[in-house]
Amino acid sequence: MSADSEIDIKEAFQRAQKGHNNKAKLVASLNSRYNKLEDKTLFHEEFVHYLKYAMIVYKREPAVENVIEFVVRFATSFQPPPKTEEEEEKEEEEEEEEDAEDDHPFLSFIFNFLLESHKANSHAVRFRVCQLINKLLGSMAENAQIDDDLFDRIHQAMLVRVTDKFPNVRIQAALAMTRLQQPKDPDCPTINAYMLILDNDTNAEVRRAVLSCIAMSPRTLPKVLKRTRDIKENVRKLAYQVLADKVHIKALTIAQRVSLLQQGLHDTSEAVREVVCSRMLQSWMLRLDGNVIELLHRLDVENCAQTALDTLKAIFKGTPTEELLQNRVQLDNRKLIPVDSLSCENVLYWRALYEFIKAKGEDGDEILEQVLPDAAIYADYLYGYLKTVPLLSEEQRADFNQLELVMTKEFISQQLIHLIGCLDTNEEGGRKRVFAVLQEMLALPQTPSSLVSLLTEKLLTLVSDDHRRIQTVAELISDLREPINEDSQPVDENMSRRQQVQLAEVKVSILEAKQTLEDCITTQDFSRAAELKDAITELENRRNQIIQEIAESSQPADKETRTEKNDPETLLRCLTMFAELLKQMSLKTRIGPTISALMSSLVLPSIANAHPAVRNMAVLCLGTCTLHSKELAKTHMVLLLQIAQLDEVKIRICALRAIIDQLLLFGFQLLSDPAATQTGLPPQSPDRQEEDGPVAEKKGDVAEDTAQSILVMLSEFLDSEVSDLRTETAEGLAKLMYTGRISSAKMFSRLVLLWYNPVTEDDTRLRHCLGVFFQLYARESRVHQEVVEEGFLPTVRTLMNAPATSPLAEVDINNVVELLVELTRPSALIKASANTEEVCVHDYLAVRMCGEMLRDPTAPEVRLYAKTLSNLELSRDETVRKDLQVVKDRVCLCALEKMIYQLVNSREQAELLSASALQPLDVNADEVATDDPSKSTKRAKKGQRKVCTAKGGRKSSRRADDGENVPESVPVVRPSRRAKTAALEKTKLDLNPLINQEANVS
């Protein structure tokens, strides 16, 4: 089958394997030969014959990939070139003319051959079939058409192949269906298959393939959004790329936008964070014409201010500083936003810009001077705006519009207060003015309660001395709780009239007495005159007294009085300021008379307040204050314990945090004082104490009973139906165990069971906290591993004996055992023990499991123990060797024999190494070591670690991620660069020998 100017099919396939050959010339030459043939059947058969040599190769060999590319080019070369718009319009006008090229016989023949081969037993053939269909459909023109029957056949075949056992087949099948999607069809089988793959396929590359080709629609968008939380970094990264390229920001809800930014900007992978910043955010900005304020309008900045700040900072990082200053919000000549123009978006942008520039340090100081207002001017600006925030009554709060307006003003006020941290307060006058404004705002009763904590924080940052801080807050609290009241008494008109009458009567009496006196002097009645003179003196004194009373009554005096306020709002304000003070104080600052007075007059009485918010803040203040004084902690420990058991959930959690903090700071020695132990906890049931009362480690002269009671209480909280209380308790116990305050195998077992319990499946915080704790705790020290080893059997027994109605019955016990084995692995320690003669923890664990197997060799858990023994890193085999005489189960014996073989082999290797250490160095040692591959394999396996199954996911599986049974890799001697090059040349596949061999045989 040769021609003068054309090459035959065999030669074309041979030359197509070489990457340097021009495939376009090969295609053109073979195409010319094909067009001259009248009978195409023989050509089709011979072409497919040589194609099969490439289709039986599964590995992505360069020669095979070149042949596949050549076949695709040749098959699609019979299609006409892409048409221009004018040609397409003319074709639409001439609907009678059909494109015969779309149904070219060779292309139809190739498709039929591939569809007949897609069910082949060989996974290589199935892979190549899907790959060819994918490339053929992808290489066809955008306006290409195929027969409806062929379309349906391809569709059905690829729907079968996307469920193939091998991931590479599934990937190519998924890619092949890209052009078969019908997004407008609510029942499109391709899209349904894609969504099923995204949710259920275990292979990350398959999920990535579907993400790259799935069409965006209201149905598929939630599935793509879900992949942004995929366990694999590459899948998350591609999901954000797809959203950036294919989804407009308006197609997402506010909640979806906020969620994408919140998760993407805080992703654990740097590559994912980079894609979010450089691709998705830039795509959104491009669609919004670069308007940052408009982007903030698309987010709910009032409820997700931190996410909006992170978004702005990510945008600022990729923007030149000069452009940042040009795009800043419009400021007036005072470098302030006019009050009438203030909005949630522009004030948040203002704050984010200043904080971003300030974070640059010295590089940003010059820029800040250009944009920052003077501190005193800004203080007056802030004071003026805060006074405009109205204080709503209960009736006004029922009006949603008024409530929304006040909430908006409070949010703007919060951002303006945050900006105080960017001001230059080194200048004395500006700092004093800011300090005075903050004091005045805190003293005003109409200041919103939501701003009190933030105002106090900014006020205390202006004061560096703790004692001055205490004095400042104490004065503010005194002014709030006991304000000065000026009582003014109104003028009594009746009393004033009576006084005027009395004054007139006295004046008349004086005149009469003086007249009588003159008469007595004239008549020389001197005794009578002397009496009248004394009477006149008394009357004048009386007159002067009345005149003074009239003067005092005509000008009423204002009296200053102090009345103590105990309403919930006032108490909450005072407690909030006190809590912020304690937060800013150094732990080294001792409790002085002022703090003690506030404790006795404000905090302790508020604990019994009827208002829950007041009680919660009082407990927070009490717990924080006890961290500054061990004596105070001893005194109030019992009170906090009672609150942790009897009050509302939120207050109980606050008290529990305080207890945990005290135990972390002071240890259980805190309980040895009589003040802390004279009042016992509520009695526990004997059964509960026996089951859940772990024994605390003795530290000094700790009151063991009280410590036991506290741990029993915490253990009961782990069984609470309130998820927040359960999570807080688990986190507290994890902290106590990690810091060494307690050491309890039973408590560790409880935490493991809680982590695996299906009841806590939706408690993300609990699962994350315990997952991190287990890894850090076990790797920290050998002592911690011994605690894990001691809790191994109690955990297994609890799971084995769990009733069918218990949620623990659903837990995969094999996964739990694998976790505990990995946690106790000696090679997992951060710092290995310096004592080489010390017995490893796995040896003790093996002895425990052997003891359980000896107790009842027919028990169902014996197989579990036997399987686990083969996964341990053991240093001796005497104990296990004796147990082989008792166990009769064949599966168990196989597992034990495997372990014994590993032990014996590892011992021989150790002896060989110790002996070789005494001999001269042998330059051929590597060659000798590689002669016996079994020994090198066993040696490698002994030190080999298996990745912990509980770190990334909960399912345990020994099959590879791609669905194939891949053998474990064995470390070998590293060859030289020349040997690598030679080996690589040998592994390159060449189809020519196979083709020539077949030709010789024929």
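Residues numbered from 1 in each chain as written. Predicted model: local features only at pLDDT ≥ 70, side-chain atom pairs only at ≥ 80, totals over all residues. Heavy atoms only, no water.

Chemist: Whenever I open this one, the packing of aromatic side chains confuses me. Can you help?
Modeler: In this description, an aromatic ring pair is defined by two values, namely the gap between the centres and the angle between the planes. The tally for this structure, following the rule as stated, stands at 28 aromatic pairs. Ring centres of Tyr 34 and Phe 106 lie 5.7 Å apart, and the angle between their planes is 70°; on these two criteria the pair is classed as edge-to-face. With a gap of 72 residues between them, Tyr 34 in helix 2 (residues 23-36) and Phe 106 in helix 6 (residues 105-117) connect regions that are remote in the sequence. Residue Tyr 34 shares its accessibility class with Phe 106, and that shared class is buried. (Phe/Tyr/Trp six-rings, centres within 6.5 Å; stacked < 30°, edge-to-face > 60°. Helix = DSSP H or I, 4+ residues; strand = E, 2+ residues; numbered from the N terminus. Buried < 20%, exposed > 50% of the residue type's maximum accessible area, 1.4 Å probe, protein only.)

Chemist: Just checking my understanding: could you explain the environment of Asp 719 for this structure?
Modeler: When you line up the elements, Asp 719 lands in the loop between helix 36 (704-718) and helix 37 (723-738). Taking relative accessible area as the criterion, Asp 719 reaches 43% and is therefore assigned partly exposed. A polar side-chain atom of Asp 719 sits 2.8 Å from a polar atom in the side chain of Arg 750. (Polar contact = N/O pair within 3.5 Å; in protein donor to acceptor, adjacent residues only side chain to side chain.)

Chemist: Would you take a moment to explain the packing of helix 19 (residues 344-358) against helix 23 (residues 400-418) for this structure?
Modeler: Each packed pair of helices is defined by two parameters, the angle between the axes and the distance between the axes. The N-to-C vectors of helix 19 and helix 23 enclose an angle of 15°; their axes lie 9 Å apart at closest approach. It follows that helix 19 is roughly parallel to helix 23 by the angle criterion. When the axes of helix 19 and helix 23 are compared, the crossing they make is left-handed. Residue-level inspection shows Cys 344, Val 347, Leu 348, Trp 350 and Arg 351 of helix 19 in contact with helix 23, the latter providing Thr 408, Phe 411, Ile 412, Gln 415, Leu 416 and His 418. Residue composition of the contact of helix 19 with helix 23, grouped by class: seven nonpolar, three polar and one charged. (Axes fitted to C-alpha atoms, helices over the stretch in contact; angles between N-to-C directions. Parallel < 35°, antiparallel > 145°, perpendicular 65-115°, else oblique. Left-handed = near helix turned anticlockwise from the far one by under 90°. Contact = heavy atoms within 4.5 Å. Nonpolar A, V, L, I, M, F, W, Y, C, P; charged D, E, K, R; others polar.)

Chemist: Just checking my understanding: could you explain the environment of Leu 180 for this structure?
Modeler: Positionally, Leu 180 belongs in the loop between helix 9 (167-176) and helix 10 (189-200). Each C-alpha atom, one on Leu 180 and one on Leu 137, is 9.3 Å from the other, the two residues being 43 residues apart in sequence. Excluding anything up to four places from it in sequence, Leu 180 contacts Phe 151, Ile 154, His 155 and Thr 190.

Chemist: Where do I start with the nonpolar core in this structure?
Modeler: Proteins that are soluble and globular tend to have nonpolar side chains buried together. Ranked by size, the top nonpolar core spans 264 residues in total, and within it Phe 47, Phe 70, Trp 350, Tyr 378, Leu 416, Phe 578 and Phe 748 carry the most contacts. Viewed by domain, this core spans two of them, domain 1 (1-79 + 104-180) and domain 2 (463-485 + 562-671), each represented by three or more residues. Beyond its immediate chain neighbours, meaning those up to four positions away, Leu 416 contacts Leu 342, Val 347, Trp 350, Tyr 378, Tyr 381, Leu 382 and Tyr 385. Core analysis: the second largest hydrophobic core is formed by six residues, Ala 513, Leu 517, Leu 532 and Ile 536 among them. (Core = buried A, V, L, I, M, F, W, Y, C linked by side-chain atoms within 4.5 Å. Domains from an automatic or database assignment.)

Chemist: What am I meant to see in a nonpolar patch on the surface here?
Modeler: There is a patch of nonpolar side chains on the surface, built from Tyr 738, Val 772 and Leu 776 and spanning about 240 Å² of accessible area. Within the secondary structure layout, Tyr 738 lies in helix 37. Owing to a relative accessible area of 35%, Tyr 738 belongs among the partly exposed residues under this scheme. (Patch = residues over 30% accessible without salt bridge, like charges linked within 9 Å, V, L, I, M, F, W, Y side chains within 5 Å. Areas by Shrake-Rupley, 256 points an atom, 1.4 Å probe, with all protein chains shown as cover. Salt bridge = Lys/Arg side-chain N within 4 Å of Asp/Glu carboxyl O.)

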